[in-house]
Protein chains: 2
Amino acid sequence: MRLVLDAMGGDHAPHEIVAGAVQYARQSGHTIVLVGQEQVVRAELAKHDAKGLDLPIVNASESIQMDEKPAMAARRKKDNSMAVGMRLVKDGQGDGFCTMGHTGGALTAGHMVFRRIPGVHRAVLATPFPNAKGFHMLGDIGANPECRPEWLAQWGQMLGIYAQARLGVTKPRVALLSNGEEEGKGTELTRAAEPLLRELLGDAYVGVVEPKEMMAGAADAVVTDGFTGNVTIKLGEALATYIFSVIREEIMVRPMAKVGTPLVKPALRAAASRLDDREYGAALLLGLNGLVTVGHGRSKADRVIASLRSTAKLVEANVLERIRAEVKATVGPASSGGGDNDHND
Amino acid sequence: MRLVLDAMGGDHAPHEIVAGAVQYARQSGHTIVLVGQEQVVRAELAKHDAKGLDLPIVNASESIQMDEKPAMAARRKKDNSMAVGMRLVKDGQGDGFCTMGHTGGALTAGHMVFRRIPGVHRAVLATPFPNAKGFHMLGDIGANPECRPEWLAQWGQMLGIYAQARLGVTKPRVALLSNGEEEGKGTELTRAAEPLLRELLGDAYVGVVEPKEMMAGAADAVVTDGFTGNVTIKLGEALATYIFSVIREEIMVRPMAKVGTPLVKPALRAAASRLDDREYGAALLLGLNGLVTVGHGRSKADRVIASLRSTAKLVEANVLERIRAEVKATVGPASSGGGDNDHND
């Protein structure tokens, strides 16, 4: 397998990105193509023992900085590391592209290089999200803050395939996030999406879930608009941080608890790490005509490894081909995707 | 002070409601008017030692059940305990009304009995929400799943007053919940609300907050639409439950951690209770021409007490008069509230 990695993306690029690539190449035996400013990446690579590993470097003269307006930067800098990396995949020189860089940049570059799969309304960003039974796929988590009912339905279809590939479930249960199922609950958007999801997914659509059911693991894939989804993942992160800091505070004011803490600490650490996205890898941009995964901007080497591992899993599961086939089967080969193929950013 | 309490509202009514009322009456010395089916409430009250306490009973022949469509039930059952209790407050026989019953029922009955304060676009349900520095007020948490920019701005104004009353801050910082402040973030709604909030609140509006800043305590009042707000409080509850269950699981698989647990348990318990709404009382319906608070449907006596205590605090702080004055000062006395006075349910 050949994975293409954006060596310039993320807060800790290129140092931690290259470090993660070296370690993952050793673990997996895969080829990891490093895309970025050649001299810089080569100097970084020289710090590691990469003997026997296949880590080719492909030059990209520009990169999208974390503080730039990503969509504009992706358009202006034609030779940015994301676009160069994606073109390698498009030309068959890689099986999938992975970046720790800006989601907005990946979204714009992804649309420019790959375009959408014919029949896909809008690309959707989805990520595994932890629940009481393991994980479910959650999307959109930020690509489309505003969306239409038919997009939600199609995202349900694509997220189901994503759940199959990542969770190994044969019949994924797909749900719609809402604030309740009673009459008068939800929004115009969720109420209009419900019948479309039922029509498109049949039994695979298990209905509306509230956060409580979602966290209990009632579905393998949960669809929502990109505003709610983005607030959800950010709130999840912020609440976990808050709760562990409250636990720490309450321990510190109790001398007996401080005595017991060394014994309990490994369990608290393990609990915190189960909520941490380094356990479950990168988010996936679904609906593009190429495989693009986006890891956390703050990724250090361990998260880069997790991101590459989850990307490899999607390549192995042939997710892209399965989405193409399923979209084609439902919208028909003649459809051009419900209108233009422009990304609305 | 005379508080009017819905003795029939909530999952544990009337038993726990009456128990909470008796205890709070003793703690506070206030009069608690119990509204409900007279015989039933009297029988419940007879189980307690209420000597020297002022706990009058007012009969209401009907009540809104938790499994009814609340808005419809509130309209059909004219003599339901919520409407009867609110009419007492309207007639000057009580300073505020408190229920553990259905939010939708309280909303409908509140609009029918009190109507909105002239100049108020829509009533908003707001609750204290925990953060790293204590609490902030969060609303709308469910009264208006869909809303307009000018409603958000006015809710910011009312939530600021609520924060003053509940948190004792003199200059409340009001923020708008969003998924980021960069260009292209947010929705049409949040982008349109931003300038209106700035115009109406001036320096008191501190801008957009992401969940991370909200949980860090960057604002005293956070406004959002009723869909996002409802998902936020439900996700907060579900995530806390999830995180503590993960901690329990990780402790159970580690013999050493099990040994240390009795020492740490009081700290974990204290942390869990800080996240629990019994610590911070009932939610407030802002914008109605009468004081209405709504406690958790699952409330037992301790939460009923917290709800009554928070209601008393709002009466003491004269919240209603302050909202009336501030709305009047900004929209002018002639305004009728931006259109009709119907509640949209």
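Residues numbered from 1 in each chain as written. Chains lettered and ligands numbered in written order. Predicted model: local features only at pLDDT ≥ 70, side-chain atom pairs only at ≥ 80, totals over all residues.

Some words on the overall build of chain A
Secondary structure summary: chain A contains twelve helices and eleven strands in total. The C-alpha atoms of chain A give 21 Å as radius of gyration, which agrees with the globular expectation for 345 residues (20 Å, within 12%). When the 345 residues of chain A are sorted by exposure, 57% land in the buried category. In chain A, the share of contacts with a sequence separation of at least 24, taken over all contacts with a separation of at least 6, comes to 74%. (Helix = DSSP H or I, 4+ residues; strand = E, 2+ residues; numbered from the N terminus. Rg over C-alpha atoms; globule rule 2.2 N^0.38 Å. Buried ≥ 20, exposed ≤ 12 C-beta atoms within 10 Å, placed from the backbone. Contact = placed C-beta atoms within 7 Å.)

A word on the nonpolar core
If you look at the biggest cluster of nonpolar residues, it comprises 231 residues, and the most contacted ones within it are L5, A126 and Y162 of chain A together with L5, A126 and Y162 of chain B. Among residues more than four places away in sequence, those in contact with A126 of chain B are M137, L138, G139, D140, I141, L159, Y162, A283, L284 and L286 of chain B. (Core = buried A, V, L, I, M, F, W, Y, C linked by C-beta atoms within 7 Å.)

Here we look at the relation of the copies chain B and chain A
For the match of chain B to chain A, the screw axis carries a shift of 0.0 Å, the RMSD comes to 0.0 Å, and the turn is 180°. Taken together, the rotation and translation describe the operation of a two-fold axis. Among all residues of chain B, the one whose C-alpha sits closest to the rotation axis is G260 of chain B, at a distance of 2.4 Å. (Least-squares fit on C-alpha atoms with pLDDT ≥ 70 in both.)

Topic: the domain arrangement of chain A
The accessible area lost on association of the parts is a frequent measure of interface size. Residues and elements named next belong to chain A. Looking at chain A, the domain boundaries give domain 1 (2-122 + 287-331) and domain 2 (127-277). Taken over C-alpha atoms, the centre of domain 1 sits 25 Å from the centre of domain 2. Of all the secondary structure elements, the ones that give two or more residues to the side of domain 1 that touches domain 2 are α5 (103-114), α11 (301-316) and α12 (319-331). Ranked by residues supplied to the side of domain 1 that touches domain 2, first place goes to α12 with five residues. Among the residues forming the side of domain 1 that touches domain 2, the class breakdown is six nonpolar, five polar and four charged. (Domains from an automatic or database assignment. Nonpolar A, V, L, I, M, F, W, Y, C, P; charged D, E, K, R; others polar.)

Points about the interface of chain B and chain A
Each partner contributes residues to the interface: chain B has 52 residues there, and chain A has 52 residues. Elements that contribute at least two residues to the side of chain B that touches chain A include exactly α8 (211-216), α9 (226-252) and α10 (255-274) of chain B. Looking at which element gives the most residues to the side of chain B that touches chain A, the answer is α9 of chain B, with 18 residues. Grouping the amino acids of the side of chain B that touches chain A by side-chain chemistry returns 28 nonpolar, 13 polar and eleven charged.

A word on helix α10 (residues 255-274) of chain A
Here α10 of chain A spans 28 Å end to end across 20 residues, near enough to the 28 Å set by a 1.5 Å rise per residue. Its axis deflected by about 60° at P262 of chain A, α10 of chain A carries its strongest bend there. Looking at the buried residues of α10 of chain A, the elements they touch are α9 (226-252) of chain A together with α9 and α10 of chain B. (Expected span 1.5 Å × (residues − 1). Bend = angle between axes of the 7 residues up to and from the residue.)

A short note on the sheet that holds strand β4 (residues 96-99) of chain B
Sheet strands associate in pairs through backbone hydrogen bonding, adopting either a parallel or an antiparallel arrangement. Residues and elements named next belong to chain B. Spatial strand order, β3-β2-β1-β4-β11-β10-β5-β6-β9-β7-β8: eleven strands in an open sheet with mixed pairing. Edge positions in the sheet fall to β3 (57-59) and β8 (205-209), since each has one partner strand and no second. Between one strand axis and the next, the sheet turns by 30° as a mean value, whatever way the strands run. Two elements, strand β7 (residues 174-177) and strand β9 (residues 221-223), share three bridges in a ladder whose sense is parallel. Its bridge partner lying in β9, L176 is registered against V223. Along the sheet, helix α1 (residues 15-28) contacts β1 (2-6) and β2 (31-36); its crossing angle with β2, the most-contacted strand, is approximately 165°. (Pairing = 2+ DSSP bridges. Axes fitted to C-alpha atoms, helices over the stretch in contact; angles between N-to-C directions.)

Some words on the sheet that holds strand β10 (residues 283-286) of chain A
All names here are of chain A. Here we have eleven strands laid out as an open sheet, ordered β3-β2-β1-β4-β11-β10-β5-β6-β9-β7-β8, and mixed in their pairing. The open sheet has two edge strands, β3 (57-59) and β8 (205-209), and neither has a second partner. Averaged over all pairs of adjacent strands, the angle between strand axes in this sheet comes to 30°, irrespective of strand direction. Pairing of strand β6 (residues 134-139) with strand β9 (residues 221-223), which is carried by three bridges, proceeds in the parallel orientation. Along β9, the bridge assignment pairs G139 with V223.

Section: the pairing of strand β6 (residues 134-139) of chain B
In regular strands, side chains alternate between the two faces of the sheet. Residues and elements named next belong to chain B. Relative to β6, strand β5 (residues 124-131) runs antiparallel, the two being bridged by six bridges. Within β6, the position partnered with T127 by the bridge is L138. What sits between β5 and β6 in their antiparallel hairpin is a turn of two residues.

A short note on the pairing of β10 of chain A
All names here are of chain A. The two faces of β10 match: A283 and L285 on one face and L284 and L286 on the other face are all buried. Alignment of strand β5 (residues 124-131) against β10, held across three bridges, turns out to be antiparallel. The residue of β10 that forms the bridge with V124 is L286. Note: β10 against strand β11 (residues 292-294), three bridges, orientation antiparallel.

With respect to the confidence of the model for chain A
All names here are of chain A. Taken residue by residue, chain A gives an average pLDDT of 91. The fraction at 70 or more is 95%. Every residue in residues 335-345 is under pLDDT 50, and counting partners more than four places away or in other chains gives 19 contacts. Scored by ipTM, the complex comes to 0.89, with pTM at 0.90. (pLDDT = per-residue confidence, 0-100.)

Describing unusual backbone geometry
Cis peptide bonds are those with omega within 30 degrees of zero, and the linkage from A13 of chain A to P14 of chain A qualifies with -5°. The residue R115 of chain A is not glycine, and still its phi comes out positive at about 60°. Topologically, R115 of chain A is positioned in the loop between α5 and β5. One non-glycine residue with positive phi stands out, namely N318 of chain B, at about 60°. Within the secondary structure, N318 of chain B sits in the loop between α11 (301-316) and α12 (319-331). Taking the number of C-beta atoms within 10 Å as the measure of exposure, N318 of chain B has 14 and is therefore partly exposed.

Topic: the environment of D67 of chain A
Here D67 of chain A shows up in the loop between β3 and α3 (70-76). C-beta crowding within 10 Å serves as the criterion here: with 9 such atoms nearby, D67 of chain A is assigned to the exposed category.

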